[in-house]
Number of protein chains: 2
Amino acid sequence: MINYPHHKRKTNKKNENINYKNHSRRGMILENEIDLSNKYYLENGIANIHKKPTPIQVVKVDYPQRSAARIVEAYYKTPSTTDYNGVYKGYYLDFEAKQTNLKSKFVFANIHAHQIKHLQSVIQHGGIAFFIVQFTKLNETFLVDASIILEYYHSGIKSLSYEEFKNQGYELKSSYNPRIDYLAAVDLLISKR
Amino acid sequence: MINYPHHKRKTNKKNENINYKNHSRRGMILENEIDLSNKYYLENGIANIHKKPTPIQVVKVDYPQRSAARIVEAYYKTPSTTDYNGVYKGYYLDFEAKQTNLKSKFVFANIHAHQIKHLQSVIQHGGIAFFIVQFTKLNETFLVDASIILEYYHSGIKSLSYEEFKNQGYELKSSYNPRIDYLAAVDLLISKR
């Protein structure tokens with residue numbers, strides 16, 4: 001086997017990013033916090049919520065003798081839904097986690113059109129749909145009902161301001177366990193139904 | 001680039017299987033039928049149910065200039081949950097589709113321990129959990145409440161007989177659209193709650 005150390009270094013470095021879907025390191029942290037919270041909720045019998053695997057189109061697989069199938073050619077696919085879903089108190093939950101480097105607003109260009117369509121469908125079928133948005137430079141995280149963002153989105157408005165998150169969302173505080181107790185905010189969404 | 005036609009043929013052939021998670025071709029057909037049914041349910045505003053992507057551990061990614069990131073080393077991971085979940089009439093649905101070549105029974109060795117644990121947790125949180133099992137040689141497909149299989153499983157019983165599927169399950173008929181109308185059986189599960 002021939003080694004190309006300069007190639008190897010390059011791919012390894014970029015690999016760190018691609019594993020987190022090209023989000024920034026801060027994006028990774030939000031996802032990690034949610035994953036750890038979901039683990040806490042699951043292990044303590046509070047809810048069953050999981051991150052969906054990243055969809056990958058497999059093109060070629062090798063079968064080295066006596067070892068696991070090795071995928072040698074594959075490509076990332078655009079997800080057709082959101083990142084997270086699960087069940088809590090009998091409710092279907094579905095949400096997307098996003099982070100923004102801006103201080104004043106969250107720009108909807110961060111949301112894929114198919115995610116908008118998916119969340120609309122979830123609401124139509126009686127599920128609870130929301131966004132968790134982190135303003136990374138402010139170190140503040142909000143949960144906001146997806147219907148608020150959908151309403152703005154369909155009115156042609158292209159962002160939701162920080163002030164509107166303050167007024168219409170629920171600020172999520174970090175703690176040790178769960179890291180982000182976003183189900184406390186979901187309880188408030190449920191109480192409004 | 002050097003071509004190894006004999007290698008290429010080999011990987012392509014095996015690739016057909018791995019894309020369907022080493023199930024038989026019939027297994028592939030059941031998954032396809034469910035996927036087509038879910039597409040029908042989604043497009044007709046009946047339910048929002050998706051197959052989760054197969055989890056893959058990405059090890060190495062190449063970035064060819066001006067083209068998409070290319071995964072060059074990756075491995076299949078064992079899924080930690082079931083294959084399908086979604087929302088229907090406000091209920092959280094979660095299920096696994098399995099096929100068996102046996103004519104007389106469905107052997108629980110086909111179910112991973114983590115799937116059992118997951119479905120138990122789904123039931124605990126108020127979700128609707130079930131299996132869709134296809135007896136490929138009989139060309140018969142049943143939906144059965146996961147709680148029935150869980151009860152047998154925990155009693156140390158290692159299979160569910162074809163007769164029990166007939167008695168305790170709901171036979172699913174194939175049609176044009178949806179291919180398998182499994183939500184008709186889910187309606188019966190809901191009516192028993």
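Everything numeric in this text was worked out from a predicted model, so none of it was measured. Counting starts from 1 at the beginning of each chain's written sequence and moves along it residue by residue. Chains and ligands are labelled sequentially in the order written, the chains with letters from A and the ligands with numbers from 1. This being a predicted model, a pLDDT of at least 70 is required before a residue's local features are given, and a value of 80 or more before pairs of side-chain atoms are given or counted; all residues contribute to the totals for chains, interfaces and linings. Note: side-chain values were computed over all heavy atoms of the structure, leaving out hydrogens and water.

Colleague: I keep staring at the interface of chain A and chain B and nothing clicks. Help me out?
Modeller: How big an interface is tends to be stated in terms of accessible area lost as the parts join. With 45 residues of chain A at the interface, the matching set in chain B holds 45 residues. Interface area, chain A with chain B, both sides summed: about 3,900 Å², of which 58% is carbon and sulfur. Buried surface area refers to the total accessible area, computed with a probe of radius 1.4 Å, that the two partners give up upon joining, counted for both partners together. A per-residue breakdown of the area chain A buries against chain B is headed by Tyr63, Ile71 and His125 of chain A, which together make up 17% of the total. Salt bridge, as used here, is a side-chain nitrogen of Lys or Arg placed within 4 Å of a carboxyl oxygen of Asp or Glu. At the surface where chain A touches chain B, the tally comes to two salt bridges. Where Glu73 of chain A meets Arg70 of chain B, a salt bridge forms, and the shortest distance between an N and an O atom there is 3.9 Å. Contacts described as polar in this section are N or O atom pairs within 3.5 Å, which, within protein, must combine one atom able to donate a hydrogen with one able to accept it, while residues neighboring in sequence count only if both atoms come from side chains. The interface formed by chain A and chain B includes 13 residue pairs in polar contact (both at pLDDT 80 or more). Each helix is a run of DSSP H or I of at least 4 residues and each strand a run of E of at least 2, with the numbering of both proceeding from the N terminus. Going through the elements one at a time, helix 1 (5-18), strand 1 (48-51), strand 2 (56-62), strand 3 (70-76), strand 4 (84-88) and helix 3 (113-124) of chain A are the ones with two or more residues in the side of chain A that touches chain B. For the side of chain A that touches chain B, the element with the highest residue contribution is strand 3 of chain A, accounting for seven residues. Residues are grouped as follows: Ala, Val, Leu, Ile, Met, Phe, Trp, Tyr, Cys and Pro are nonpolar; Asp, Glu, Lys and Arg are charged; every other residue, Gly included, is polar. Residues that form the side of chain A that touches chain B fall into these classes: 21 nonpolar, 17 polar and seven charged. In this description, contact between two residues means that some pair of their heavy atoms is separated by no more than 4.5 Å.

Colleague: What exactly am I supposed to notice about the sheet that holds strand 8 (residues 140-145) of chain A here?
Modeller: Sheet strands associate in pairs through backbone hydrogen bonding, adopting either a parallel or an antiparallel arrangement. All names here are of chain A. Only strands that DSSP links by at least two bridges are regarded as paired with each other. Read across the sheet, six strands follow the order 1-4-5-7-8-10 without closing on themselves; strand pairing throughout is mixed. In the strand order of this sheet, the two ends are held by strand 1 and strand 10 (170-172), each with one partner. Along the sheet, successive strands turn relative to each other by an average axial angle of 25°, direction set aside. In this structure, strand 8 lies alongside strand 10, joined through three bridges in antiparallel fashion. The residue bridging Leu143 from the neighbouring strand is Tyr170, located in strand 10. Of the strands in this sheet, strand 1, strand 4, strand 5 (91-100), strand 7 (128-135), strand 8 and strand 10 are in contact with helix 6 (residues 182-191), which crosses strand 7 at around 135°. Axes, fitted as lines to C-alpha atoms, cover a helix only where it is in contact. Angles between the N-to-C directions of the axes lie from 0 to 180 degrees.

Colleague: In this structure, what is going on with the packing of helix 3 of chain A against helix 4 (residues 146-154) of chain A? I would like to understand it.
Modeller: Helix-helix packing: each pair is described by the crossing angle between the helix axes and the interaxial distance. Residue and element names in this part refer to chain A. Here helix 3 crosses helix 4 at 125°, and the two axes come no closer than 10 Å. Relative to helix 4, the element helix 3 lies oblique. Here helix 3 runs over helix 4; the crossing is left-handed. Along its contact with helix 3, which presents Ala113, Ile116, Leu119, Gln120 and Ile123, the element helix 4 presents Ala146, Ser147, Leu150, Tyr153 and His154. Of the residues belonging to the contact of helix 3 with helix 4, the class tally is seven nonpolar, three polar and no charged. Orientation categories follow fixed angle ranges, with anything under 35 degrees roughly parallel, anything over 145 roughly antiparallel, 65 to 115 roughly perpendicular, and all other angles oblique. The crossing is said to be left-handed when, going from far helix to near helix, the turn is anticlockwise and less than a right angle, and right-handed when the turn is clockwise.

Colleague: Help me out: how do you make sense of helix 6 of chain A in this one?
Modeller: Since the α-helix advances by 3.6 residues per turn, residues separated by three or four positions end up pointing in the same direction. Working definition: with a 1.4 Å probe on protein chains only, accessible area under 20% of the residue-type maximum means buried, over 50% means exposed, and in between means partly exposed. Taken together, the buried positions of helix 6 of chain A are Tyr182, Leu183, Ala185, Val186, Leu189 and Ile190 of chain A. The buried residues of helix 6 of chain A occupy one face: seen down the axis, they fall within an arc of 150°. Here the arc refers to the directions that run from the helix axis out to each C-beta atom.

Colleague: For this particular structure, what's the right way to read the relation of the copies chain A and chain B?
Modeller: The relation between the two copies of this chain is a rotation about an axis and a shift parallel to it. Once chain A is rotated about the relating axis by 180° and shifted along it by 0.0 Å, it coincides with chain B to within an RMSD of 0.1 Å. One copy is carried onto the other by what is essentially a two-fold rotation axis. Both copies present the same face, since 100% of the interface residues in chain A are matched by interface residues at the equivalent positions in chain B. When the copies are overlaid, the least-squares fit takes in C-alpha atoms only where the residue has pLDDT of at least 70 in both copies.

Colleague: What should I look at first to understand unusual backbone geometry in this one?
Modeller: Both trends apply: most residues other than glycine have a negative phi, and most peptide bonds are in trans. Residues and elements named next belong to chain A. For the bond from Asn177 to Pro178, the omega torsion is -5°, close enough to zero to count as cis. Looking at the element boundaries, Pro178 is found in the loop between strand 10 and helix 6. In the Ramachandran plot, Lys89 falls in the positive-phi region, its phi being about 50° despite a non-glycine side chain. Relative to the helices and strands, Lys89 resides in the loop between strand 4 and strand 5. Non-glycine residue Asn139 carries a positive phi angle of around 55°. Within the secondary structure layout, Asn139 lies in the loop between strand 7 and strand 8.

Colleague: For this particular structure, what's the right way to read the side chain of Glu96 of chain A?
Modeller: Residue and element names in this part refer to chain A. By the secondary structure assignment, Glu96 is in strand 5. Looking at Glu96, the relative accessible area reads 3%, which means it is buried. At 2.8 Å, the side chain of Glu96 forms a polar contact with the backbone nitrogen of Asp83. Excluding its chain neighbours within four sequence positions, the residues that come into contact with Glu96 are Thr82, Asp83, Gln115, Phe130, Phe131 and Ile132.

Colleague: Honestly, the pattern of salt bridges in this entry has me stumped. Any pointers?
Modeller: If the charged atoms of two oppositely charged side chains come close together, the side chains can form a pair. All names here are of chain A. Across all of its chains, the model carries 14 salt bridges over all chains by this definition. A salt bridge links Glu43 to Lys39; its shortest N-O distance comes to 3.3 Å. Here Glu43 pairs with Lys39, and both are found in helix 2 (residues 25-43), just four residues apart, close to one helical turn. By relative accessible area, which is 57% here, Glu43 ends up exposed. Exposure remark for Lys39: the relative accessible area of 46% places this residue in the partly exposed category. Look at the salt bridges and you will find they share partners, linking Glu140, Lys166, Glu171 and Lys173 into a network.

Colleague: Help me understand the side chain of Thr141 of chain A in this model?
Modeller: All names here are of chain A. Looking at the secondary structure, you find Thr141 in strand 8. Here Gln134 takes part through its side chain, which lies 3.1 Å from a polar atom of the side chain of Thr141. Those residues in contact with Thr141 that lie beyond four places of it in its chain are Leu30, Ile132, Val133, Gln134, Tyr170, Glu171 and Leu172.

Colleague: Would you explain the pairing of strand 5 of chain A in this entry?
Modeller: The side chains of a regular strand alternate between the sheet's two faces. Residues and elements named next belong to chain A. The buried count for strand 5 comes to nine of ten residues, which makes it a mostly enclosed element. Note: strand 4 against strand 5, five bridges, orientation antiparallel. Each residue of the ladder has a partner; that of Val87, found in strand 5, is Tyr92. With antiparallel pairing between neighbouring strands as the criterion, strand 4 and strand 5 make up a hairpin whose turn holds two residues, including Lys89 at a positive phi of roughly 50°. The pairing of strand 5 with strand 7 spans eight bridges and is parallel. Opposite Asp94, over in strand 7, you have Ala129 as the bridge partner.

Purely geometric numbers; function is a separate question.
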